[in-house]
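# Tertiary structure, described
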Amino acid sequence: MKTLVVVGHPALADSSTQPFLKALSQDLALWHPLAAPFDPYNERQALWQADRIILQFPLYWYSVPAIMKQWLDEIFDDALLGPDHTRLAGKELGVVVSLGRPRDEFGAGQKQGFTIDEYLRPLQGLAQATGMGWLPPLVISQFAYQTEAQRQGLAVAYQQYLTLPQPSRFADRVQWLATRLDQLAQQVTAPKERQKLAQLRAVLLAQQAELDDLTANLRLVRETEEF
Amino acid sequence: MNEEWVNQTVAELQAALPAYADRALLAQLQVVLAEQQHRLDLAAAELDGRAWSKRNW
């Protein structure tokens, strides 16, 4: 699967979030920071070749930054979409949005008044109008204040967002981790480290097999009780 | 799962691996293993509870 990350940021050089994400996207996605003026030919080619298109931006006054709105206005035309607007149909559209405010401020009755999903509705409309599947957004709240543990969790969540079928199930994320551990084991040169990675992977998969088994038994018991 | 062994092994590997993404992967592995254990505990408890429900006796 080819993933295109379209980055719309008014001051990319000053961002601490975007370089963090860029390093994580290496080998997983094509990183495409927006800079006007746009070359429509190159923009169209990048969009046509992608299977998953990620719009990545900081939320600016509850919307996309001006550079991304300009890009949407200029590039999303008949030349890109085709006469019946189906040229992007079947692709996936996702959003990675960073917030300067705490996540729990977004919601009915909260300080910001509406949910993130509600603020992102115009982009969801774009996905619907162009026949693209809409992915649940990945929200990054107050990156600058995040703990190291939170950032490590974000790092993995971001890589999974670029590569995993979405929305992902717990078992999918476990399998993704197992695959990455396997790849890492092949990269390391020290046999001891390779062995430890293999052992950790084995524990992960064994525990998941146990969980799958128990869950299947439980499902059977629940079904039996219903009769 | 031997949690102590997992934590120690992860810490040793994190010290040996220079790439941030790899260290993050190992940190997330600990989180997922703990989540798996939690789900196992919940599922086992529910199975136990249903097996001992009055309707089955």
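Residues numbered from 1 in each chain as written. Chains lettered and ligands numbered in written order. Predicted model: local features only at pLDDT ≥ 70, side-chain atom pairs only at ≥ 80, totals over all residues.

## Some words on the overall build of chain B
Short version of the rule: Put simply, DSSP H or I for four residues or longer makes a helix, DSSP E for two residues or longer makes a strand, and each gets a number counted from the N terminus. For the radius of gyration, the atoms used are the C-alpha atoms, and the globule rule reads 2.2 Å times the number of residues raised to 0.38. Residues with at least 20 other C-beta atoms within 10 Å of their own are called buried, those with 12 or fewer are called exposed, and the rest are partly exposed. The C-beta atoms themselves are positioned from the backbone.
Helix and strand content of chain B: 2 helices and 0 strands. In terms of C-alpha radius of gyration, chain B reaches 18 Å, well past the compact-globule figure of 10 Å for 57 residues. Its C-alpha atoms put chain B at 60 × 20 × 5 Å along the principal axes. Sorting the 57 residues of chain B into buried and exposed places 21% on the buried side.

## What to know about the overall build of chain A
Operational definition: Our contact criterion uses C-beta atoms placed from the backbone: two residues qualify when those atoms are within 7 Å.
Summing up its helical and strand segments, chain A has 9 helices and 6 strands in all. Along the first, second and third principal axes, the C-alpha atoms of chain A reach 55 × 55 × 40 Å. Of all 227 residues assigned to chain A, the portion counted as buried reaches 26%. Considering only residue pairs separated by 6 or more positions, chain A has 73% of its internal contacts joining residues 24 or more positions apart.

## Observations concerning the interface of chain B and chain A
Contact residues are listed per partner, giving 25 residues for chain B and 29 residues for chain A. Going through the elements one at a time, helix H1 (3-16) and helix H2 (20-51) of chain B are the ones with two or more residues in the side of chain B that touches chain A. Ranked by residues supplied to the side of chain B that touches chain A, first place goes to H2(B) with 19 residues.

## A closer look at the environment of B:Val6
On the secondary structure map, B:Val6 appears in helix H1. Filtering out sequence-adjacent residues up to four positions away, B:Val6 remains in contact with A:Leu200, A:Val203, B:Met1, B:Gln30 and B:Leu33.

## Regarding the domain arrangement of chain A
Heads up, the condition is: For the purposes of this description, domain bounds are those given by an automatic or database domain assignment.
Each assigned domain of chain A is listed with its residue range as follows: domain 1 (3-167) and domain 2 (169-227). Measuring from the centre of the C-alpha atoms in domain 1 of chain A to the corresponding centre in domain 2 of chain A gives 30 Å.

## Describing helix H6 (residues 121-130) of chain A
In an α-helix, one turn spans 3.6 residues, which is why side chains three or four residues apart end up on the same side. Taken across its 10 residues, H6(A) has 1 buried, putting it largely on the surface. Backbone geometry just after H6(A) places A:Gly131 at a positive phi near 80°.

## Section: the packing of helix H8 (residues 170-187) of chain A against H2(B)
Going by this rule: The angle between two axes is taken between their N-to-C directions and runs from 0 to 180 degrees, where each axis is a line fitted to C-alpha atoms and a helix contributes only its stretch in contact. The labels follow the angle: roughly parallel below 35 degrees, roughly antiparallel above 145, roughly perpendicular from 65 to 115, and oblique for the rest. Should the near helix be turned anticlockwise from the far one by less than a right angle, the crossing is termed left-handed; should it be turned clockwise, right-handed. The nonpolar class holds Ala, Val, Leu, Ile, Met, Phe, Trp, Tyr, Cys and Pro. Asp, Glu, Lys and Arg form the charged class, and all remaining residues, Gly among them, are polar.
At a minimum axis distance of 11 Å, the contact between H8(A) and H2(B) shows a crossing angle of 140°. Overall, the two elements H8(A) and H2(B) adopt an arrangement that is oblique. Note that H8(A) runs across H2(B); the crossing there is left-handed. Contacts between H8(A) and H2(B) involve A:Arg173, A:Val174, A:Leu177, A:Arg180 and A:Leu184 from the former and B:Asp22, B:Leu25, B:Gln28, B:Leu29 and B:Val32 from the latter. The class makeup of the residues in the contact of H8(A) with H2(B) is 6 nonpolar, 1 polar and 3 charged.

## Here's the deal with the environment of A:Asn217
Turning to its location among the elements, A:Asn217 is positioned in helix H9 (residues 191-226). Placed 141 residues apart in sequence, A:Asn217 and A:Phe76 show a C-alpha to C-alpha distance of 50 Å.

## Observations regarding helix H7 (residues 148-163) of chain A
Note the threshold: An expected span of 1.5 Å times one less than the residue number is assigned to each helix.
In this model H7(A) runs 23 Å from its N-terminal to its C-terminal C-alpha over 16 residues, within 8% of the 22 Å that 1.5 Å per residue would give. Taken together, the buried positions of H7(A) are A:Gln152, A:Leu154, A:Ala155, A:Val156, A:Tyr158, A:Gln159, A:Gln160, A:Tyr161 and A:Leu162.

## With respect to the packing of helix H1 (residues 17-25) of chain A against H7(A)
Residues and elements named next belong to chain A. The contact between H1 and H7 brings their axes to 10 Å, and the two run at 55°. In terms of axis orientation, H1 runs oblique to H7. Crossing handedness for the pair H1 and H7: right-handed. Here H1 contributes Leu21, Leu24 and Ser25 to the contact with H7, which in turn contributes Ala155, Tyr158, Gln159 and Leu162. Its residues assigned to classes, the contact of H1 with H7 comprises 5 nonpolar, 2 polar and no charged.

## A word on the environment of A:Leu21
Residues and elements named next belong to chain A. Tracing the backbone through its elements, the reader meets Leu21 in helix H1. Using a count of 26 C-beta atoms within 10 Å as the deciding quantity, one classes Leu21 as buried. Separated by 10 residues in sequence, Leu21 and Trp31 place their C-alpha atoms 9.8 Å apart.

## Some remarks on unusual backbone geometry
Residues and elements named next belong to chain A. Cis geometry is adopted by the peptide bond preceding Pro37, which originates at Ala36 and carries an omega value of 0°. Assignment of secondary structure puts Pro37 in the loop between strand S2 (30-33) and helix H2 (40-49). In this model, Gln166 is joined to Pro167 through a cis peptide bond whose omega is -5°. Its place among the elements puts Pro167 in the loop between H7 and H8. One non-glycine residue, Asp27, adopts positive backbone phi at about 70°. Relative to the elements of secondary structure, Asp27 occurs in the loop between H1 and S2. Overall, the presence of 7 C-beta atoms within 10 Å leaves Asp27 in the exposed class. Positive phi values are uncommon outside glycine, yet Trp61 reaches one of about 45°. With 7 C-beta atoms packed within 10 Å, Trp61 lands in the exposed category.

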